[in-house]
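Reading the structure
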Amino acid sequence: MVLGDVTNTLQSGERTQNKLPVRVARAALKPGPMPKGAEARRLFARLSEGEKAEWAEARAEVERRTEALLEELRPWRAQVKELRQRQRLTQQRMEEKCKEQKAKTQEAELRIFELREGEASLTAQLQQLHTAAQPEQDLAASLAAGLAAKASALEEDRQIVEDLRRAKEDTERQSSSKRHVLQLLELARAEERHQQQARQQVLEENVPRARQLHNSYLNLKGNIRVFCRFRPLLPRESEEAKVVFHEDEQSITLQSEMLRSVTGLSEHCNSYEFQFDQIFGPQATQLDVFEELSLLVQSALDGYKVAIFAYGQTGGGKTYTMDGPRDTTTVAAVPDTDAGVIPRAVDLVFREVEELRSKGWDFEVKCTLLEVYNESVFDILGPRNSEKERSGAHGTDSRQAIDHFTERPVRDAAAVHKLLAKAARERHTAATALNDRSSRSHAVFQLSLEGHSQASLPSRSGLLSLVDLAGSERVMQSQVTGEHLKEAQYINRSLSALGDVIEALKRKKPGGHIPYRNSRLTMLLKDSLGGDSKALMFVNVSMCCQHLPETLSSLRFAAKVHACEVGLPRRQ
Ligand SMILES: Nc1ncnc2c1ncn2[C@@H]1O[C@H](COP(=O)(O)OP(=O)(O)OP(=O)(O)O)[C@@H](O)[C@H]1O
């Protein structure tokens with residue numbers, strides 16, 4: 001039995017009027033089951049006094065021991081009580097805390113819920129705003145793009161403004177230096193004017209002397225001079241002939257292509273030397289050429305018979321030299337720099353006529369334009385008899401023929417240019433293998449110059465003949481047939497007649513026969529070739545390698561003419 005049970009039993013015995021018998025007490029103190037209730041009271045009633053005293057003592061002992069135990073238990077009980085108290089408090093606090101926590105949790109959950117609600121609503125609003133803001137965003141994006149483009153354009157504009165500013169500065173600088181240059185130019189012009197006046201004065205003093213010297217030179221040289229002119233390659237031509245132009249401008253060396261020997265074992269090239277009074281290379285300009293013969297033109301005004309004619313292969317540059325580049329409408333339309341010998345000579349003659357007028361000379365200038373085509377002479381300025389042959393001089397003597405040809409008085413250079421344009425339009429031309437517009441006739445242009453001095457000086461009667469011959473050609477080479485073959489044969493025949501005349505003049509047999517009458521051309525040129533005239537022949541050849549045989553043939557003919565000494569020029 002445990003202590004608590006005993007205590008309880010004793011206390012309950014005590015509560016039952018402390019009348020529990022000793023045996024009960026003993027039994028209580030002994031091991032085994034304890035008698036209870038009526039059993040206990042019955043036992044106690046049977047007890048003796050001694051036993052009762054014993055019981056009282058035992059009871060007192062029990063009480064003491066109980067008291068001691070109780071005393072011993074008291075702090076424990078107090079502690080337990082306190083612990084229970086504290087436990088209760090703690091539990092109470094915990095419950096409060098829990099309640100509080102729960103309330104807080106609930107509040108927090110509520111708050112979270114509210115916040116979630118708010119968040120959802122805000123998200124929805126945001127979404128709405130986002131959707132609503134999309135057009136604005138797009139607009140803003142496009143505005144931003146436009147802004148960027150504007151900014152770049154602005155930058156470009158700024159750059160342009162900067163460039164313009166710099167350009168303006170440059171222009172200002174340039175205009176200031178230009179002003180300076182202009183001042184210098186003005187000074188240079190004044191100086192040039194001054195020099196021109198001085199040169200004019202020197203010229204005026206020296207031209208008569210130069211003409212005199214020119215005439216003396218011709219007296220020494222004989223009356224036919226030969227100028228050779230090489231034309232440059234045309235766009236359709238590729239290979240240049242090997243020509244060496246010597247520094248004296250009077251001699252050239254031509255080299256053939258490499259030729260194989262008869263045995264075929266070696267190669268060599270032939271070289272040919274030629275000498276003329278003047279040689280113009282392919283770079284020579286129209287002005288260079290004219291400057292060399294301007295004194296000759298002027299001597300027509302001094303009363304000489306002057307003839308300048310261009311000879312050479314088809315496409316060699318005769319018309320270019322005499323007229324300038326071909327123009328189908330008007331000769332005057334040719335640019336000044338390209339104008340050939342004829343327009344320049346006309347201008348020079350009329351300038352000189354004006355000059356001489358101021359010195360008391362009256363000049364009557366008349367113009368004749370003839371064309372020799374297939375051995376017929378056509379008078380360009382005469383009345384039209386038929387479509388083809390005008391004032392035909394067919395079969396007549398040259399002097400008679402010339403007497404009958406129209407001489408048109410002309411007042412100024414412009415009038416002559418007009419007539420020349422007409423002649424150029426009407427000239428017989430055709431396309432050949434060597435020239436797209438080959439002249440198929442000899443064109444003869446003449447200016448007769450009659451001068452009378454108011455100071456009773458002897459009158460002057462000059463004649464300037466400018467002749468553009470038809471092109472010599474090798475019939476095989478030019479591949480002509482039919483009518484054109486006939487033309488080519490006539491041309492070659494008349495040119496060979498010209499060669500015969502020159503050959504005969506070269507032999508210079510006094511009273512010897514000169515075969516002028518063998519062709520219309522030589523009949524017309526009779527006065528200009530022999531006797532007392534001054535003649536200049538151009539031999540026009542090409543730089544093209546392919547034309548070398550024609551070039552050699554033309555140069556040989558020209559060399560023959562160059563070797564001629566046919567009398568001395570005489571003033572009329
Ligand atoms: N010195 C030159 N500079 C530039 N081009 C030239 C020169 N000489 C001739 N030519 C050109 O060569 C071509 C032939 O010239 P042009 O017609 O004057 O030859 P041509 O001797 O009169 O021929 P044809 O006897 O067939 O009438 C033309 O196209 C002409 O413009």
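Below or above, wherever it landed, is the structure these notes cover. Given the structure is predicted, the values throughout are model-derived calculations rather than measurements.

Here we look at the overall build of the chain
Counting its secondary structure elements, the chain contains 13 helices and 16 strands. Looking at the chain as a whole, 31% of its 572 residues are labelled buried. Expressed as a percentage of contacts within the chain between residues at least 6 apart in sequence, the contacts between residues at least 24 apart total 69%.

Side note on the sheet that holds strand β2 (residues 242–245)
Read across the sheet, three strands follow the order β2-β3-β6 without closing on themselves; strand pairing throughout is antiparallel. Both outer strands of the open sheet, β2 and β6 (271–275), are each paired with one neighbouring strand and no more. Strand-to-strand twist across the sheet, computed as the mean angle between neighbouring axes with direction ignored, equals 20°. As defined by bridge partners, strand β3 (residues 251–255) adjoins β6 across five bridges and the pair is classed as antiparallel.

Section: the packing of helix α5 (residues 286–301) against helix α7 (residues 341–358)
One can describe the packing of α5 onto α7 by two numbers: an axis separation of 10 Å at closest approach and a directional angle of 45°. With respect to α7, the element α5 is oriented oblique. Every pair of crossing elements has a handedness; the one defined by α5 and α7 is right-handed. Each of Val289, Phe290, Leu293, Ser294, Val297, Gln298 and Leu301 in α5 lies in contact with α7, whose residues at this interface are Val341, Arg344, Ala345, Leu348, Val349, Glu352 and Leu356. Its residues assigned to classes, the contact of α5 with α7 shows 10 nonpolar, two polar and two charged.

Observations concerning the pairing of strand β1 (residues 224–231)
Most of β1 is tucked away, with eight of its eight residues classed as buried. Burial of β1 is two-sided: the residues Ile224, Val226, Cys228 and Phe230 facing one way and the residues Arg225, Phe227, Arg229 and Arg231 facing the other way are all buried. When β1 meets strand β16 (residues 534–542), the two strands line up parallel, connected through eight bridges. Bridge pairing links Arg231 to Ser542 in β16.

What to know about the packing of α7 against helix α9 (residues 413–426)
Where α7 contacts α9, the two axes come as close as 9 Å, and the packing angle between them is 155°. Between α7 and α9, the interaxial angle falls into the category roughly antiparallel. The hand of the α7/α9 crossing is right-handed. Along its contact with α7, which presents Ile342, Pro343, Val346, Asp347 and Phe350, the element α9 presents Ala413, Val416, His417 and Leu420. Considering only residue class, the contact of α7 with α9 consists of seven nonpolar, one polar and one charged.

Criteria and thresholds
Residues numbered from 1 in each chain as written. Predicted model: local features only at pLDDT ≥ 70, side-chain atom pairs only at ≥ 80, totals over all residues. Helix = DSSP H or I, 4+ residues; strand = E, 2+ residues; numbered from the N terminus. Buried ≥ 20, exposed ≤ 12 C-beta atoms within 10 Å, placed from the backbone. Contact = placed C-beta atoms within 7 Å. Pairing = 2+ DSSP bridges. Axes fitted to C-alpha atoms, helices over the stretch in contact; angles between N-to-C directions. Parallel < 35°, antiparallel > 145°, perpendicular 65-115°, else oblique. Left-handed = near helix turned anticlockwise from the far one by under 90°. Nonpolar A, V, L, I, M, F, W, Y, C, P; charged D, E, K, R; others polar.

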